[in-house]
Amino acid sequence: GPCGEYMDTEAELRRKVNAVLNKVTWETFDELCNDLCRVRLVSGQQLDLVVNLVFDKAITQHHYCEMYADMCLKLKATYPEFADNTTPGVLLSFQRCLVNRCQDEFENLPVSMDLEDTEKQDVKHDSREMELLVKKRKDRVLGNMKFIGQLYLRRLLGHRVVREVVLKLIFKNKRPEEHYIECLCTLMRNIGKTLDSTEVGKQYITTFLDRMRELAGLNYGTRIKFAIEGILTLHERGWVETSFKEKAKTRSEIQADYKREEAAKSRGERNPFAQSAIAGARPSHIEDQILDEQRSRAEHRKIAAARAKREQEKREAEEHLRQAAEANSVVELSQVLPGLPPRKRTLTDDVFAESVKKMVSYFRDEPSVEELKKEWQATCPNPQLQKHALQILLNVGFENLRLSSTAAKICGELVSCGLASMQDLQEVVNRMVQNFEDIVVDHPKLPSFLQELTSRVLMTGAEFESLAAFVAMVLPFKENEANYSFLVDMLLKVRLIVGELGVQLKRALDVVQPVLFKLRGVTPTQQDMRELHDELVRIGVLKTDGDFLHGVMKDLEANFNEGNFTEQSLHDVLERDTKGGSEQLEKSTEYILRLGSVLIPSLHRRPGSWGDRLKEARDIVSHLFSTFGRTDQNAGNQQSRQSLAVTSIAAACYSCQMAQDDVRELLNGLLDIGMLHLWALSTWQKTEDDNKQKQHIAGAVEQLLKAEDYALDEVVEEVEGEADEEGDVQSG
């Protein structure tokens, strides 16, 4: 009837929905979809059933995938929400059921397309039947990818879902299965242009395509390599492709197209359907709908700004009254703010919280930092309200999964813009961490939100010490191993946001690395750093063929092998590879350790004595020993730099299996040009441990010190005296 019809049983509802789905085409879409909208659902179980039936149709009938996505958009706006029996206090909407169904289907993605033994027996090992079963399974997998893409185009799924899907497909394993790569290619063809049109999407596309280029170099078949190359080429062409493939059409459209094709053939012209199309473009009717919503939101923001202004005027009037009362003066509120009744009005916590939540929703739909600044300043005009708003943002982040990523990003943007202080953010986050065990019971996604928040904070450009303090404070678990995994997963989120070569990723690694070693209870050696690097490569934080420094060192090595040892050439490489972030890179411990391992082998291969080689490369050697040892640094930092440089050289000597005489000549040359101090060799005497690098260089060190008539104990006393003098000067 016009008011809708109730379905008494699950079987009756299933028959009704299937009857509509079996008859729906583009010609009958509006009428039959309206029939489905009129079905009155009375429980979350019935809602789930409808979602499952529509979903199964969509992924098995690829030709009508766009139509079923449009149907979901219409049903989402029609069907009511129900209480979720599995999660008290949570409402179950059509969109939530749809996301859950997509997630379930994706999590059950088969690792292999091969049939199980029982399946082969069911078809009596008939090759034709087995081939059909494999094709059916593969069609369902690819259909799921296409439907996910079409739902994304209609904003029924968001960026975060796309990121998680691609993460599982090609980042979790070093060599993904072939059908996983096909899934990615299908997804990219369905969403490429739209994903590439947003700021966040461009970052994702860059990361995804870099990974695909890596996969193209692995041992895959020609079909897979062509599929990867097709996506890379499509991106280079701005997602414009020439295709004969058509979407589902009405009967009249098919007849008109047939007449066009026959007429073109009779005139000897090319096929009129071999035309360009934009891969992954959002349908025009969805674009129109988005524009209407944006205009509506703009009007809403205008109204909200006017309301905020009025509330501000009320608060100022109330403050004026309070001050007047303290001065024993009687002032009517209507005298201060004409038209306002003579009673006290305040902005309630509920209204303020609602304003902050709307700010999050607006930023999710339209991530404009300038608009965010205006809304924040209008909503939070003083430090007390700003701190309160930060608390509300955090609550939104772990209570509302759809807004979790947006809330974390807003916190990062506010700190970056100086509209919120790191101190205030750390204070409110600390309260959350202190109550972690109580909160996580009701909100199990809290650890994920804290990871997202920490990743955004690490990208703010705040002081290194502030970031290090934040990371040390935010660890939510009691067990060190759990906190270790928490930080490693957080680094993966940073990597997915900024890509492999971003300076922000390098900065995040520098901040987090000492905390990781502390959680493992180790004092980091070069071997510990290498093991951590290998672990980060395995999980996808760093590139498979090396981390951020790998590319930098490859470029420097090419320069050194060509005899180019000028300071300008070194800085040119660093500036280019770090995109302007060379200053931070030069201060990192791993950079110093890796630089020597590239420089020394290059010099070892050059002709002449070590004295001549070191003079030729004086600029680079000076850079290796002096970046931390400038005149404005104290003796402790100079010692640290010298020790790191010698460690780097020792590793290079061992790697080259350099003879003792060569090592001694190298160290003596460094002493002669004033780069190396004898006290820096104090830890390189012979010991009983099994450190092969130390054993390799120890003999040359002892010979050198003996030749200099300088005892190691005296060296240590001298450097300790220098540090004490430096401390006395600073105390004075």
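Keep in mind that this is a model prediction, so the values were computed, not measured.

### Here we look at the overall build of the protein chain
Then, number 1: The helix and strand tally for the protein chain stands at 35 helices and six strands.
Then, number 2: Of all 732 residues assigned to the protein chain, the portion counted as buried reaches 45%.
Then, number 3: Nonlocal contacts in the protein chain, meaning residues at least 24 apart in sequence, comprise 72% of its contacts between residues at least 6 apart.
Then, number 4: Accessible area of the protein chain: about 37,400 Å², with a carbon and sulfur share of 48%.

### Focus on the packing of helix α9 (residues 178-195) against helix α11 (residues 222-236)
Then, number 1: α11 packs onto α9 with a crossing angle of 25 degrees between their chain directions and a minimal axis gap of 10 Å. Taken as axis vectors, α9 and α11 run roughly parallel relative to one another. Crossing hand, α9 versus α11: left-handed. Contact residues: α9 offers E178, I181, E182, C185, M188 and R189, while α11 offers R223, I224, A227, I228, G230, I231 and L234.
Then, number 2: Looking at the contact of α9 with α11 residue by residue, the classes come out as eight nonpolar, one polar and four charged.

### A word on the pattern of salt bridges
Then, number 1: A full pass over the atoms with the stated rule returns 30 salt bridges.
Then, number 2: The salt bridge partner of D292 is R295, with a shortest N-O separation of 2.3 Å. Of this pair, D292 and R295 both sit in helix α13 (residues 284-326), three residues apart, which is roughly one turn of that helix.
Then, number 3: In this structure R295 comes out as exposed when scored by relative accessible area, which is 53%.

### Observations concerning unusual backbone geometry
Then, number 1: If you check the backbone angles, R155 has positive phi at about 60 degrees while not being a glycine.
Then, number 2: Locating R155 in the fold gives a position in the loop between α7 (127-153) and α8 (159-171).
Then, number 3: Its identity is not glycine, yet W239 carries a phi of approximately 70 degrees, on the positive side.
Then, number 4: Secondary-structure assignment places W239 in the loop between α11 and β5 (240-243).
Then, number 5: Residue W239 is classed as buried on the basis of its relative accessible area, which comes to 1%.

### A short note on helix α33 (residues 660-672)
Then, number 1: Between its first and last C-alpha, α33 extends 18 Å over 13 residues, near the 18 Å set by a 1.5 Å rise per residue.
Then, number 2: Every buried residue belonging to α33 is among V663, L666, L667, G669, L670 and L671, and all of these are buried.
Then, number 3: G674 lies just past α33 and shows a positive phi near 80 degrees.

### Considering the packing of aromatic side chains
Given two aromatic rings, one states the distance between the centres and the angle between the planes to describe the pair.
Then, number 1: Applying the stated criterion to the full structure yields seven aromatic pairs.
Then, number 2: Here Y79 and F94 contribute two aromatic rings whose centre-to-centre distance is 6.1 Å and whose plane-to-plane angle is 50 degrees, an arrangement assigned as tilted. Here Y79 is found in the loop between α4 (65-78) and β3 (82-83), whereas its partner F94 is found in helix α5 (residues 94-107), with 15 residues between them in sequence.
Then, number 3: A relative accessible area of 2% places F94 in the buried class.

### Notes on empty space enclosed by the protein
Then, number 1: Enumeration over the complete set of coordinates arrives at three cavities of 30 Å³ or more.
Then, number 2: By volume, the second largest cavity amounts to about 50 Å³.
Then, number 3: Taken together, R301, M359, Y362, F363, E366, S368, E371, L372 and E375 make up the full set of residues lining the second largest cavity.
Then, number 4: Looking at the lining of the second largest cavity, its residues break down into four nonpolar, one polar and four charged.

### Notes on a negative patch on the surface
Then, number 1: A grouping of D114, E116, D117 and E177 is seen on the molecular surface, where their side chains present a negatively charged patch.
Then, number 2: Turning to its location among the elements, D114 is positioned in the loop between α5 and α6 (117-122).

### Looking at the nonpolar core
Then, number 1: Of all hydrophobic cores here, the largest spans 201 residues; its most connected members are M71, F147, L169, V429, L487 and L670.
Then, number 2: The biggest single contributor to this core is helix α23 (residues 480-498), with 10 residues.
Then, number 3: Ignoring any residue separated from it by four or fewer positions in sequence, one finds F147 in contact with F55, A58, I59, C65, Y68, A69, C72 and L98.

### Some words on the confidence of the model for the protein chain
Then, number 1: Per-residue confidence for the protein chain averages 79 on the pLDDT scale, and 80% of its residues sit at or above 70.
Then, number 2: Counted against residues more than four places away or in other chains, residues 328-347, with its pLDDT under 50, gives 27 contacts.
Then, number 3: For residues 627-636, every residue scores under 50 in pLDDT, and the model assigns this stretch 20 contacts once sequence neighbours within four places are set aside.

### Re the side chain of Q451
Then, number 1: With respect to the helices, strands and loops of the structure, Q451 is situated in helix α21 (residues 446-458).
Then, number 2: At a separation of 3.1 Å, a polar atom in the side chain of Q451 contacts the main-chain carbonyl oxygen of F486.
Then, number 3: Sequence-distant contacts of Q451, defined by excluding residues within four places in its chain, comprise S485, F486, D489, M490 and K493.

### Quick look at the environment of F171
Then, number 1: Relative to the helices and strands, F171 resides in helix α8.
Then, number 2: A sequence separation of 37 residues divides F171 from F208, and the C-alpha atoms of the two residues are 9.0 Å apart.
Then, number 3: Not counting residues up to four positions away in its chain, the partners in contact with F171 are V166, T207, F208, R211, R495 and I539.

### A few points about the packing of helix α17 (residues 383-399) against helix α19 (residues 422-434)
Then, number 1: One way to put it is that α17 packs onto α19 with a least axis distance of 9 Å and a crossing angle of 45 degrees. In terms of their interaxial angle, α17 and α19 are classed as oblique. As α17 runs across α19, the sense of the crossing is right-handed. Facing α17, whose interface residues are K387, L390, Q391, L394 and F398, α19 presents D424, L425, E427, V428, V429, R431 and M432.
Then, number 2: Here the residues of the contact of α17 with α19 are counted per class, giving seven nonpolar, one polar and four charged.

### Re the side chain of E66
Then, number 1: Within the secondary structure layout, E66 lies in helix α4.
Then, number 2: Among buried charged residues, E66 stands out as having no salt bridge; its nearest opposite-charge side chain is K146, 4.0 Å away.
Then, number 3: Those residues in contact with E66 that lie beyond four places of it in its chain are W26, K146, Q150 and R154.

### Focus: the environment of K506
Then, number 1: Inspection of the secondary structure assignment puts K506 in helix α24 (residues 503-520).
Then, number 2: Note on K506: relative accessible area 8%, which makes it buried.
Then, number 3: Each C-alpha atom of the pair K506 and L585 lies 7.7 Å from the other, and the pair is 79 residues apart in sequence.

### Things to note about the environment of T379
Then, number 1: Within the secondary structure, T379 sits in helix α16 (residues 369-379).
Then, number 2: Apart from the residues within four sequence positions on either side, T379 is in contact with F352, S355, V356, M359 and L385.
Then, number 3: Within the structure, the side chain of T379 is placed 2.7 Å from the backbone oxygen of E375, a separation counted as a polar contact.

Rules behind the numbers
Residues numbered from 1 in each chain as written. Predicted model: local features only at pLDDT ≥ 70, side-chain atom pairs only at ≥ 80, totals over all residues. Heavy atoms only, no water. Helix = DSSP H or I, 4+ residues; strand = E, 2+ residues; numbered from the N terminus. Buried < 20%, exposed > 50% of the residue type's maximum accessible area, 1.4 Å probe, protein only. Contact = heavy atoms within 4.5 Å. Areas by Shrake-Rupley, 256 points an atom, 1.4 Å probe, with all protein chains shown as cover. Axes fitted to C-alpha atoms, helices over the stretch in contact; angles between N-to-C directions. Parallel < 35°, antiparallel > 145°, perpendicular 65-115°, else oblique. Left-handed = near helix turned anticlockwise from the far one by under 90°. Nonpolar A, V, L, I, M, F, W, Y, C, P; charged D, E, K, R; others polar. Salt bridge = Lys/Arg side-chain N within 4 Å of Asp/Glu carboxyl O. Expected span 1.5 Å × (residues − 1). Phe/Tyr/Trp six-rings, centres within 6.5 Å; stacked < 30°, edge-to-face > 60°. 1 Å grid on protein atoms, 1.4 Å probe; cavity = no way out; pocket = protein on both sides within 12 Å on 5 of 7 lines; lining within 4 Å. Points joined across faces, edges and corners; volume = space filled by probe spheres on them. Patch = residues over 30% accessible without salt bridge, like charges linked within 9 Å, V, L, I, M, F, W, Y side chains within 5 Å. Lys, Arg positive; Asp, Glu negative; His and termini not counted. Charge placed at Lys NZ, Arg CZ, Asp CG, Glu CD. Core = buried A, V, L, I, M, F, W, Y, C linked by side-chain atoms within 4.5 Å. pLDDT = per-residue confidence, 0-100. Polar contact = N/O pair within 3.5 Å; in protein donor to acceptor, adjacent residues only side chain to side chain.

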